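# Observations on chain architecture
Below are the chains, spelled out letter by letter.
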Amino acid sequence: MRTIITVSVLTLFLAAAPESLVASRQILPQAPPATSPGLAPSTPRFSDDGRLEIGAVYAPSSIEIDGVLDDVLWRETQPVSGFLQAEPDEGNPATERTDVWVAFDEGYLYIAAYCHDQGPDGVVITDIRRDFQRENQDGFEVILDTFGDRRNGYLFATNAAGGRVDQQVANEGREVNASWDAPWTVRTQRVHDGWTLEMAIPFRSLRFKKGEEQVWGINFSRRIRRKNEVVFWAPIPRAYALTRLSLAGNLVGLGTASGGRDLRITPYAATRTARETGLSEFNEEADFGGDLKWGVTNGLTLDLTVNPEFAQAEADVQQVNLTQFPQFFPEKRDFFLENSGVFYVGDAARNTRISLAPRADTDLAMFFSRRMGLSEAGHPIPIDAGLRLTGREGGVMVGALALRTREQDDVPASDYAVVRLRRNIFASSDVGGIFMMRRAVNVGDDYNRVYGGDANIRLPATIDWSSFFVNTETPGLSGPRYAFQTSLNREANFVHVKVGLLSIGENFNDELGFYRRTGVRRWSVDTGIRPRFASLRRIGIREMHPHILWNYYTDQSGEQIAKRFHNGHTLFFNNGGFAEFS
C-alpha cells in the first residue's frame, strides 16, 4: 500500500473584469438596431398539470434565419417572458428581460429570442467554437423533451456571436452526450439594447411521436455573465441545471407535426499513403464503404455501417498519465454517438457547478463503446459491418448493437452484441437490464458475457437511489465475477450529501467496459453545505462551500488498499470567481 498526502493548496479563479473582455467582444461588430416586435409579452399561462405553457405558432411562409426579428410572424405574435433567477437571488425576476417565440412549419422548429440588456457593451463573448464552454459568457439555451417523459431531451445553446452547442441529455443529466451533433442553424445580431437570435431545428434531427398531438417538455435559460446571473423560464432551483426536465414547462400547438422520415446515406471512398518511421517506402491503399441512418419508427433510429471510415472523428485531447491506471477518453465516432445515453448503466451524477476536488467517477463504466474497433493503444481495428438500433418504443428505451471486427495482427476477428432496455416507472424513476457479449470468430472458448439489471428511484426529499448488479462469464475465470453499486444522493440548495458503495469482484471481466482494477470495494461520501449571508454579499462573497469528498478503497476482505480524502472550503464570489483552501 502507498500513501500519498497532498496538503493545503490555495486554488484561485478570478473572473475577468468586463474591461478586459473588450477585445473578445469586438469579434462581432455592432449591428444597427433591429426592428423590435411590437406586441408585449403574453400573460403567463399554465397547463392542466400546473406547468408553464408556451404555444408554437404555425409559420405560413418561410422564416429567414438571420438573427433579425423583422419577420411578420415575430411582430404579430406575443412572446413569453417573465424569466426568474436561479443565481444569484433564486426566485426573483431576472434583471434583464428576455422575450421568446416558438414557431414551426412542415420541416422545422423555429425559436427566436430578444435578450434585452441595459448595458449591451457588457455582453461577454469568449468563444465561438462548436460546443463552446457555456459557463464563461453570455448565452441562451433551450431544452426539448420531445416525448414528454420528463427525463430525456435535446439541448441547443448559442451565444451573442452565434456559437453552437448541441447535446443529448438522458435521465435528467445522468448522462450528457456532448459529442452528439445535429444539423441545425442559428444566427444572432447585436442590437442597441442587447442581442437577438433565431434558431431553425429540423424535425428530422429529433425523435418524437409523429402523427400524434404533440405536447413536449421545454425550458429556456439565459446567462448574463458580467452579473454572474442565471435565469430560467420555468423556474429551477440553483442546485440544478437546465437538464432537470421534471421541472420544465410544456410546448403545445405543434399539432401532428412530422417533418418527414429521416433517411441519410453517406458513401465514401478514400486513399491512404503512409510511411512508417525509419522506412523509405510508402504504403498506398484504397478503401470504400458507407453509412446509413434511418428513422425506422417515430422513436427508433437505425444506424448501419459497412467498412466505416472514422477519419472525420474529432481527435482525442492529449493527456499525460502519471498514475498506474489507464486513461478514460470519451467516444467521438459518429456511429456510436446518437442516443448513447440509452446504454448508460451507472450512478446518478452530482450537480457540481465547478469540479475542484479530485473525483473517481470512472472507476467503472459498464459499457464503453471504444472497446470495439480500437486497440488498447487507440489504434483502429477494421470493422466489417455494424448496426445499431436506439430510441424509444412502447414506453421502453431501447438500445441494441451488433458489430463484427476484422482480424488484425494477433487480435482475432470478433462479433459484438449489446442489448439495453430501460423502462420509466413512477414520476421520475426507471428500471432496466443489459446484456453484452464478445465472441471470437472461429475460435473455440474465446468469449465474454456480461448481464445484469439496474434501478434509479427518486425518493421523497429530493433523494435519488441508484443501484445496479451485473455478472460476467469468461472461460477460465471462476469465483467472484460480479460488480454492484448502490448510492443515495440528496441535492439541495443548502446541503448536499452522497454516500455509496461500489464492489468489483476479483475475477470480474467486462471486455466492453472501462474500469481501473478488480477485487476492490470503494466506500465514498461527498457532502457539504452552501450557506449564503447578506453581509458577505456586500464584500463580494456570494456563497461559502465547506465540503469533503472521501473515497476509501479496500480489497474484498476489507483491508485498505488506497484512500483519497479531499477536504476543502470554497468561496464563490459575486463576479463568478472562486477561491478554495483544501
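Treat the numbers as computed from the prediction; the structure is a model and nothing was measured.

Here Ser246 lies in the loop between β15 (229-232) and β16 (249-252). C-alpha of Ser246 to C-alpha of Gly148: the two residues are 98 residues apart in sequence and 9.5 Å apart in space. Residue contacts for Ser246: discarding those within four places in its chain leaves Arg51, Arg150, Glu172, Ser428 and Arg458. Reaching out from Ser246, the side chain makes a polar contact with the side chain of Glu172 at a distance of 2.8 Å.

This next bit is on a nonpolar patch on the surface. Taken together, the side chains of Leu459, Trp465, Leu488, Val497 and Val499 define a hydrophobic patch exposed on the protein surface, amounting to about 370 Å² of accessible area. Tracing the sequence through the fold places Val497 in strand β28 (residues 495-504). Owing to a relative accessible area of 32%, Val497 belongs among the partly exposed residues under this scheme.

To continue, consider the pairing of strand β24 (residues 429-440). For strand β23 (residues 414-425) and β24, the ladder comprises 12 bridges, and the chain directions are antiparallel. In the sheet register, Ser414 faces β24, and the bridge partner there is Ala440. A loop of three residues connects β23 with β24, the two strands running antiparallel in sequence, and Phe426 in this loop sits at a positive phi of about 55 degrees. Two strands pair when backbone bridges link them, and β24 and strand β25 (residues 447-459) are joined in this way by 10 bridges, in the antiparallel orientation. Across the sheet, the residue bridging to Asp430 is Asn456, located in β25.

A few words on the pattern of salt bridges. Counting across every chain of the model gives 40 salt bridges. For Asp415, the salt bridge goes to Arg404, with nearest N and O atoms at 2.6 Å. Of this pair, Asp415 sits in strand β23 while Arg404 sits in strand β22 (residues 396-405); the two residues are 11 residues apart in sequence, bridging distant segments of the chain. Here Asp415 falls in the buried class, since its relative accessible area comes to 14%. One salt-bridge network, in which partners are shared between bridges, spans Glu87, Glu90, Arg238, Glu491, Arg530, Arg532, Arg542 and Glu543.

Calculation criteria
- Residues numbered from 1 in each chain as written.
- Predicted model: local features only at pLDDT ≥ 70, side-chain atom pairs only at ≥ 80, totals over all residues.
- Heavy atoms only, no water.
- Helix = DSSP H or I, 4+ residues; strand = E, 2+ residues; numbered from the N terminus.
- Contact = heavy atoms within 4.5 Å.
- Polar contact = N/O pair within 3.5 Å; in protein donor to acceptor, adjacent residues only side chain to side chain.
- Patch = residues over 30% accessible without salt bridge, like charges linked within 9 Å, V, L, I, M, F, W, Y side chains within 5 Å.
- Areas by Shrake-Rupley, 256 points an atom, 1.4 Å probe, with all protein chains shown as cover.
- Salt bridge = Lys/Arg side-chain N within 4 Å of Asp/Glu carboxyl O.
- Buried < 20%, exposed > 50% of the residue type's maximum accessible area, 1.4 Å probe, protein only.
- Pairing = 2+ DSSP bridges.

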